[in-house]
Amino acid sequence: TQLKNNEEALEYLKKRGLKKEIIEEFQLGFAPDQWNSLTEFLFKKGYSLRELLLSGLVLSKKEISEINNNSQFYKEAKINDFYDRFRSRIMFPIENSRGEIVGFTGRIFQGLNPLKTIKDVEKVGKYVNSPQTLIFDKSKVLYGFSHSKDFIFKSQEAYIVEGQMDFLMAYQEGINNIVATSGTSLTSYHLSFLKKYASTLVLGFDMDEAGQKAIEKVINMAFKDNFQLKVLDLGQEKDLADFLLKEKDYHKVLSHVEGIMDFY
């Protein structure tokens, strides 16, 4: 509802190339620029303050050493002592392998003129993820997997990218055997999980220095699991989402995939 009512946020997603259908399928949303909009909404729905804190969606103004056991804290707590973790952000729900929402990523958004300087972005973080909770561990979850797992199993090949926008643009344009990491590098757990569905990995990381190092790290781990490896090398293009916004033909993406030895 919040996203549908925010024309500027919708316009931003449209400019990034996302269509209405993909926005709805992946349940993208918007967190308004208010301190306790979600806190009050969930509290009125009947959730306790303890549950709100444990979800990672709400933060406390007071320091608590043990949320689970500090009963005195909850006896004295008032709703005004809490505030929303996500504010003025475009929201990307993160699902587990069964399609259940377990966390969120929020991208900073302030109208069609985003934060003016890099320093402004760094102060608040361009992207903010849910913290680790009882049901969410970013080192064990791959964004989009519940939608793409059948395509990955059928093709025995998985594209791996960094971030939701790369995933969404690729999935929208026909590259359905794809997953994305969310706020973490690819882990050995991710690889062991993917091994059940695919024999080949296509690494679609950014081609900057950080991306190169990430590729090298994954190669060392993936060979231990006997994966076949390929690399999506877009050259000077910023990332896969920008490439597809310009090209609009996923076959051109395939032409940039090469074997790991050819890449080196």
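For the structure itself, consult the block above.
Heads up: these notes are all about the structure in this document. These figures come from a predicted structure and were not determined experimentally.

1. Quick word on the overall build of the protein chain
Regarding its fold elements, the protein chain presents 13 helices and 11 strands. For 264 residues, the compact-globule estimate of 2.2 N^0.38 gives 18 Å, and the protein chain sits close to it at 20 Å. When the backbone C-alpha atoms are referred to their principal axes, the protein chain occupies close to 65 × 40 × 35 Å. Within the protein chain, the fraction of its 264 residues that count as buried is 47%. Long-range pairs, those at least 24 residues apart, make up 67% of the contacts in the protein chain between residues at least 6 apart in sequence.

2. Some words on the packing of aromatic side chains
Applying the stated rule across the entire model yields 15 aromatic pairs. With centroids separated by 5.6 Å and ring planes inclined at 55°, the aromatic side chains of Y12 and F109 adopt a geometry described as tilted. Separated by 97 residues along the polypeptide, Y12 in helix α1 (residues 7–15) and F109 in the loop between β5 (101–108) and α6 (118–124) bring together distant segments of the chain. Of the two residues, Y12 and F109, both sit in the buried class. Centre to centre, the rings of W35 and Y83 are 5.7 Å apart; their planes meet at 70°, and the pair counts as edge-to-face. Placement of W35 in the loop between β1 (29–31) and α3 (37–44) and of Y83 in strand β3 (residues 82–84) is noted, with a sequence separation of 48 residues between them. Using a relative accessible area of 55% as the deciding quantity, one classes W35 as exposed. Aromatic ring contacts, followed pair by pair, group F26, Y143, F151, F167 and Y171 into a single cluster. Directly above the aromatic system of Y189 lies the positively charged group of K140, at a separation of 5.2 Å from the ring centroid. It is K195 that lies over the ring of F227; its NZ or CZ is 4.7 Å from the centre.

3. A few points about the sheet that holds strand β11 (residues 257–259)
One open sheet accounts for five strands, arranged β8-β7-β9-β10-β11; its pairing is mixed. Either end of the sheet is taken by a strand with one partner, and the two such strands are β8 (178–181) and β11. Neighbour to neighbour, the strand axes of the sheet diverge by 30° on average, direction disregarded. Pairing of strand β9 (residues 200–204) with strand β10 (residues 228–232) involves four bridges; the strand directions are parallel.

4. Examining the pattern of salt bridges
Think of it this way: side chains of opposite charge can pair up when their charged atoms draw near. One pass over the full model with this rule turns up three salt bridges. As a salt-bridge pair, E100 and R98 come within 3.1 Å of each other at their nearest N and O atoms. Using a relative accessible area of 39% as the deciding quantity, one classes E100 as partly exposed. Overall, the relative accessible area of 63% leaves R98 in the exposed class. A salt bridge links K252 to E247; the shortest N-O distance between them is 3.1 Å. On the accessibility criterion, E247 (26% relative accessible area) is partly exposed.

5. Regarding the nonpolar core
Residues L18, L28, Y143, F167, L168, I178 and L240 are the most contacted members of the largest nonpolar core, which totals 37 residues. If you list the elements that add at least two residues to this core, you get α1, α2 (20–25), β4 (89–95), β7 (157–162), α8 (164–172), β8 and α11 (240–247). The element that contributes the greatest number of residues to this core is α8, accounting for six residues. Not counting the four nearest positions on each side in its chain, L168 is found in contact with L18, I22, F26, L28, F92 and Y143. By size, the runner-up hydrophobic cluster in this structure holds 26 residues, among which are L191, V218, A222 and V231.

6. A few points about the environment of Q27
Following the sequence through the fold, Q27 ends up in the loop between α2 and β1. For the pair formed by Q27 and T133, sequence separation is 106 residues and the distance between their alpha carbons is 21 Å.

7. A short note on the sheet that holds β1
Spatially, β1-β4-β5-β6 is the arrangement adopted by the four strands of the open sheet, whose pairing is antiparallel. Here the strands that pair on one side only, and so sit at the sheet edges, are β1 and β6 (127–129). When strand polarity is set aside, the average angle formed by the axes of neighbouring strands in this sheet is 35°. In the sheet, β1 pairs with β4 via three bridges, with the strands oriented antiparallel. Residue G29 lies in a different strand from β4, and its bridge partner there is M91. Together, β4, β5 and β6 form the strand contacts of α8, whose direction differs from that of β4 by roughly 75°.

Parameters at a glance
Residues numbered from 1 in each chain as written. Predicted model: local features only at pLDDT ≥ 70, side-chain atom pairs only at ≥ 80, totals over all residues. Heavy atoms only, no water. Helix = DSSP H or I, 4+ residues; strand = E, 2+ residues; numbered from the N terminus. Rg over C-alpha atoms; globule rule 2.2 N^0.38 Å. Buried < 20%, exposed > 50% of the residue type's maximum accessible area, 1.4 Å probe, protein only. Contact = heavy atoms within 4.5 Å. Phe/Tyr/Trp six-rings, centres within 6.5 Å; stacked < 30°, edge-to-face > 60°. Lys NZ or Arg CZ within 6 Å of the ring centre and 35° of its normal. Pairing = 2+ DSSP bridges. Axes fitted to C-alpha atoms, helices over the stretch in contact; angles between N-to-C directions. Salt bridge = Lys/Arg side-chain N within 4 Å of Asp/Glu carboxyl O. Core = buried A, V, L, I, M, F, W, Y, C linked by side-chain atoms within 4.5 Å.

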